Amino acid sequence: EPYIPSFVGVNYIEGSNDPKWSSTNFPWTKKLEANNKKVFGNHSFRPNQREVINATMSGYDVFVLMPTGGGKSLTYQLPALICPGVTLVISPLVSLIQDQIMHLLQANIPAAYLSANMEWTEQQEILRELCSDYCKYKLLYVTPEKVAKSDVLLRNLESLNGRGLLARIVIDEAHCVSQWGHDFRPDYKELGILKKKFEKTPVLALTATATASVKEDVVQALGLVDCIVFRQSFNRPNLWYSVIPKTKKCLEDIDKFIKENHFDECGIIYCLSRMDCEKVAEKLQECGHKTAFYHGNMDAAQRSCVQRQWSKDEVNIICATVAFGMGINKPDVRFVIHHSLPKSIEGLPSGVCDYIRVKHMIIQGQAEQSPWTAGCGRNNMKNSDGILEKNTENLLRMVSYSENDVDCRQKDVTESAKQLVELVKLTGQHFSSSHILEVYRGSLSQFVKRHRHESLSLHGAGKHLAKGEASRILRHLVIEDFLAEDVKKSDIYGSVSSVLKVNESKAYNLRSGEQRIVFKHTLSLGKANAKEIFLQRNSDEAVRNLVESVLCWFPSSVKVSKQGKT
Ligand code: ADP
Ligand code: MG
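Residues numbered from 1 in each chain as written. Chains lettered and ligands numbered in written order. Predicted model: local features only at pLDDT ≥ 70, side-chain atom pairs only at ≥ 80, totals over all residues.

Labelled according to an unreviewed UniProt entry, the protein appears under the name DNA 3'-5' helicase, originating from Salix suchowensis. Regarding the protein, the UniProt comment filed under Sequence similarities (unreviewed entry) reads as follows: "Belongs to the helicase family. RecQ subfamily." Turning to the protein, the UniProt record has this under Cofactor (unreviewed entry): "Zn(2+)". (UniProt positions renumbered as here; feature names shortened; annotations may be inferred.)

(A) Structural context of the overall build of the protein. Looking only at helices and strands, the protein features 23 helices and 18 strands. Residue pairs at least 24 apart in sequence account for 78% of intrachain contacts in the protein once pairs closer than 6 positions are excluded. (Helix = DSSP H or I, 4+ residues; strand = E, 2+ residues; numbered from the N terminus. Contact = placed C-beta atoms within 7 Å.)

(B) Expanded view of unusual backbone geometry. Phi is positive for Gln-429, which is not a glycine, with a value near 55 degrees. Here Gln-429 shows up in the loop between α17 (414-426) and α18 (433-440). For Arg-452, which is not a glycine, the phi torsion comes out positive at approximately 55 degrees. On the secondary structure map, Arg-452 appears in the loop between α19 (446-450) and α20 (467-479).

(C) Layout of helix α4 (residues 94-106). Its 13 residues give α4 an end-to-end C-alpha distance of 18 Å, which sits within 8% of 18 Å, the value for a rise of 1.5 Å per residue. When α4 is considered as a whole, its buried residues turn out to be Ser-95, Leu-96, Ile-97, Gln-98, Asp-99, Gln-100 and Leu-104. On its buried face, α4 is in contact with α3 (74-82), β4 (111-114), β5 (139-142) and α13 (300-311). (Expected span 1.5 Å × (residues − 1). Buried ≥ 20, exposed ≤ 12 C-beta atoms within 10 Å, placed from the backbone.)

(D) Summary view of the pairing of strand β3 (residues 86-90). Among the five residues of β3, five are classified as buried, and the element is accordingly described as predominantly covered. Going residue by residue along β3, you find Val-86, Leu-88 and Ile-90 tucked away on one face and Thr-87 and Val-89 tucked away on the opposite face as well. Pairing between β3 and strand β6 (residues 166-171): five bridges, direction parallel. Bridge pairing links Val-89 to Val-170 in β6. (Pairing = 2+ DSSP bridges.)

(E) The nonpolar core, seen in detail. Among the nonpolar cores identified, the biggest contains 64 residues, and Phe-63, Val-64, Leu-88, Ile-171, Ala-205, Val-218 and Leu-222 are the most heavily contacted of them. In this view, Val-64 contacts Val-52, Lys-72, Thr-75, Leu-204, Ala-205, Leu-206 and Phe-230; residues no more than four positions away in its chain are not counted. Core analysis: the next-biggest nonpolar cluster, separate from the first, contains 24 residues, Tyr-270, Val-280, Ala-292 and Ile-317 among them. (Core = buried A, V, L, I, M, F, W, Y, C linked by C-beta atoms within 7 Å.)

(F) Quick look at the environment of Lys-501. Residue placement: Lys-501 occurs in strand β17 (residues 496-502). Judged by the 14 C-beta atoms lying within 10 Å of it, Lys-501 falls in the partly exposed class. Expressed as a C-alpha distance, the spacing of Lys-501 and Ser-432, which sit 69 residues apart in the sequence, is 9.4 Å. In this structure Lys-501 touches Gln-429, Leu-483, Ala-484 and Asp-486, once residues within four positions along its chain are discounted.

(G) Here's a closer look at the environment of Lys-215. Following the sequence through the fold, Lys-215 ends up in helix α10 (residues 212-222). Note: C-alpha distance between Lys-215 and Ala-205 (10 residues apart in sequence) is 9.9 Å.

(H) Molecular detail of the packing of α17 against α18. Two elements in contact, α17 and α18, have axes whose closest approach is 10 Å; the angle formed by their N-to-C orientations is 110 degrees. One finds that α17 runs roughly perpendicular with respect to α18. Remark: the crossing between α17 and α18 carries right-handed chirality. On α18, the residues that touch Leu-420, Leu-423 and Val-424 of α17 are Ile-436, Val-439 and Tyr-440. For the contact of α17 with α18, the per-class residue count stands at six nonpolar, no polar and no charged. (Axes fitted to C-alpha atoms, helices over the stretch in contact; angles between N-to-C directions. Parallel < 35°, antiparallel > 145°, perpendicular 65-115°, else oblique. Left-handed = near helix turned anticlockwise from the far one by under 90°. Nonpolar A, V, L, I, M, F, W, Y, C, P; charged D, E, K, R; others polar.)

(I) Structural view of the environment of Thr-291. Checked against the element boundaries, Thr-291 lands in strand β11 (residues 291-294). Given 21 C-beta atoms within 10 Å, Thr-291 falls into the buried group. Note: C-alpha distance between Thr-291 and Trp-310 (19 residues apart in sequence) is 9.2 Å. Residue contacts for Thr-291: discarding those within four places in its chain leaves Ala-281, Leu-284, Gln-285, Val-315, Ile-317 and Cys-319.

(J) Structural detail: the sheet that holds strand β1 (residues 12-14). Read from one edge of the open sheet, eight strands run β1-β8-β2-β7-β6-β3-β5-β4, paired in parallel fashion. In the strand order of this sheet, the two ends are held by β1 and β4, each with one partner. Pairwise comparison of adjacent strand axes, ignoring direction, gives a mean angle of 20 degrees for this sheet. With three bridges connecting them, β6 and strand β7 (residues 203-207) associate as parallel partners. Residue Ile-169 lies in a different strand from β7, and its bridge partner there is Val-203. This element, helix α2 (residues 49-57), spans β2 (62-65), β6, β7 and β8 (227-231) of the sheet and lies at about 165 degrees to β2. Against the sheet, α4 makes contact with β4 and β5, and its axis sits at roughly 160 degrees relative to β4, the strand it touches most.

(K) Structural context of helix α5 (residues 120-131). Taking 1.5 Å per residue, 12 residues should reach 16 Å; α5 reaches 16 Å between its end C-alpha atoms and fits that length. Within α5, only one of the 12 residues are buried, leaving the element largely exposed.

(L) Broad picture of the confidence of the model for the protein. On average, residues of the protein score 76 in pLDDT, and 71% of them reach the 70 mark or higher. Taken as a whole, residues 342-409 scores under 50 in pLDDT and shows 158 contacts with residues more than four places along the chain or in a different chain. For residues 551-566, every residue scores under 50 in pLDDT, and the model assigns this stretch 28 contacts once sequence neighbours within four places are set aside. For this predicted complex, the interface confidence score (ipTM) comes to 0.99, while the overall pTM stands at 0.53. (pLDDT = per-residue confidence, 0-100.)

(M) Quick peek at the pairing of strand β12 (residues 317-320). Across the two faces of β12 the burial is the same, with Ile-317 and Cys-319 and Ile-318 and Ala-320 all buried. Note: strand β10 (residues 266-270) against β12, four bridges, orientation parallel. The residue of β12 that forms the bridge with Gly-267 is Ile-317. Strand direction decides the pairing type here: β11 and β12, joined by four bridges, are parallel. Bridging from a neighbouring strand, Thr-291 pairs with Ile-317 of β12. As for the winding sense of the linkage, the β-α-β connection from β11 through α13 to β12 is right-handed. (Right-handed = clockwise from strand over helix to strand, strands pointing away.)

(N) How the structure looks around the packing of α4 against α13. Look at α4 against α13: their axes get within 11 Å of each other, and the N-to-C directions meet at 45 degrees. As the angle between them shows, α4 and α13 are arranged oblique. In the crossing of α4 with α13, the sense of the turn from one axis to the other is right-handed. The residues of α13 that touch α4, namely those facing Val-94, Ser-95, Gln-98, Asp-99 and Met-102, are Ala-300, Arg-303, Ser-304, Gln-307 and Ser-311. Residue composition of the contact of α4 with α13, by class: three nonpolar, five polar and two charged.

Next comes the structure, spelled out in structure tokens:
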């Protein structure tokens, strides 16, 4: 499997091909099989489920890589049921936890969760139960914030552990530990404390998305010891991806697409903003679909209401931000539509945005000849042994890079913004944004020299910035009208290019210090350079080819360099 190169320097043991773990002679095998049928209603185990359960019940730390829908939950819920004590499950989203608890309670498995937005009395009741000698809960779910911030919880876990009743620690969606993943959550980093405090308690880390670097991060950050790794092929022949250009009548297209292909079936439409969620939901409702929206601005009650409606099939289409969906257990989701990429590229002249304009991804069942399949070849898709899967997953990951507005911190870029405006002026207001960026970042190209720009005081002033960062600031200046763009025929290549001019009245406020420019900053990743990061991290040929095959449908607006640097 080309997807996951092996670890370097990390302590782990490959478990997938070790027959030991498939054995049906473990002391717990009979109980396992009986409960799988009786309580969970499963007639057999899915690939790797038995193996993972045997390894974790043997007391090892285990890392599981299994596709979404592969059945990761069972690998800890079943052991939780048949082992004495309580299994602690760390899961990133309350929505996700509620969904799990609902299923557990339906199966008569006592489970509870603690989260910061619960009534304190309710939390205390659960904590009290944990301290009692006959704690009824088999599973306790918490969000990572709880572990990082609640001493009370840690004390209770210590008490459980002291009485030998902390059966297992499960880290669901474990890729959230890693900054290389698409969904990094700082609180996940703190979870290393668990292995330090509860050295002997087996840890089970689960994820559907882990590249080698993510996996290393997870194993290291969690402090897993002699960890056994199970991985499973991500080939899913019944899954189709397609990319469709987004037009003004996008909502009509979506309506038509659903009616023609998935009428009355379940699906999720991911939107960028909260407003988009509501707008799309309203429009589809008007078209006769049973639709609801779901985003971070809703309170807990509203959210769980939507989730309930969705579980009961009272609504079958959810328009949601990325807050929804990770790990949501709904076996009959038939389509996922990505309605938009970052807002900052909407409505910009094409010269401004040097990155992907694929605005509308549709993942679904029977897409006919589409940009996507045409680009990479249908046969290629059929015969793919993981490569296309990897590509499409990476592409989706790129989308979520751009959409991830969860872990942002602020960054003041006023100084750089001032300098860029000044530089546009200094160079006489007849150069393109890419040239301005070159000069700003200290390029010594012939072109820069020919125009004597290397002698300007601001030549190289932005050396310390990554190209993506600098270009993001520049883009922002255009969007916010500090700079204006004139479109010109370029004399050299005959293609259209743009020339930056200073909008004096706006720029005045910037110079005077009256206006500051602050970016939400996802670690070192600006939203705008999602593609750059994507290509750097996925520098192999296959991925770049794929990106290019998508981009060839949007040639006027995108450039990808063979070095994967642009
Ligand atoms: P994951 O967490 O890997 O995305 P889940 O644990 O949510 O997947 O399981 C996905 C679906 O598969 C659930 O509906 C679950 O009931 C079902 N499932 C899991 N294991 C089995 C099994 N051995 N046999 C049949 N169905 C299963
Ligand atoms: Mg899951």
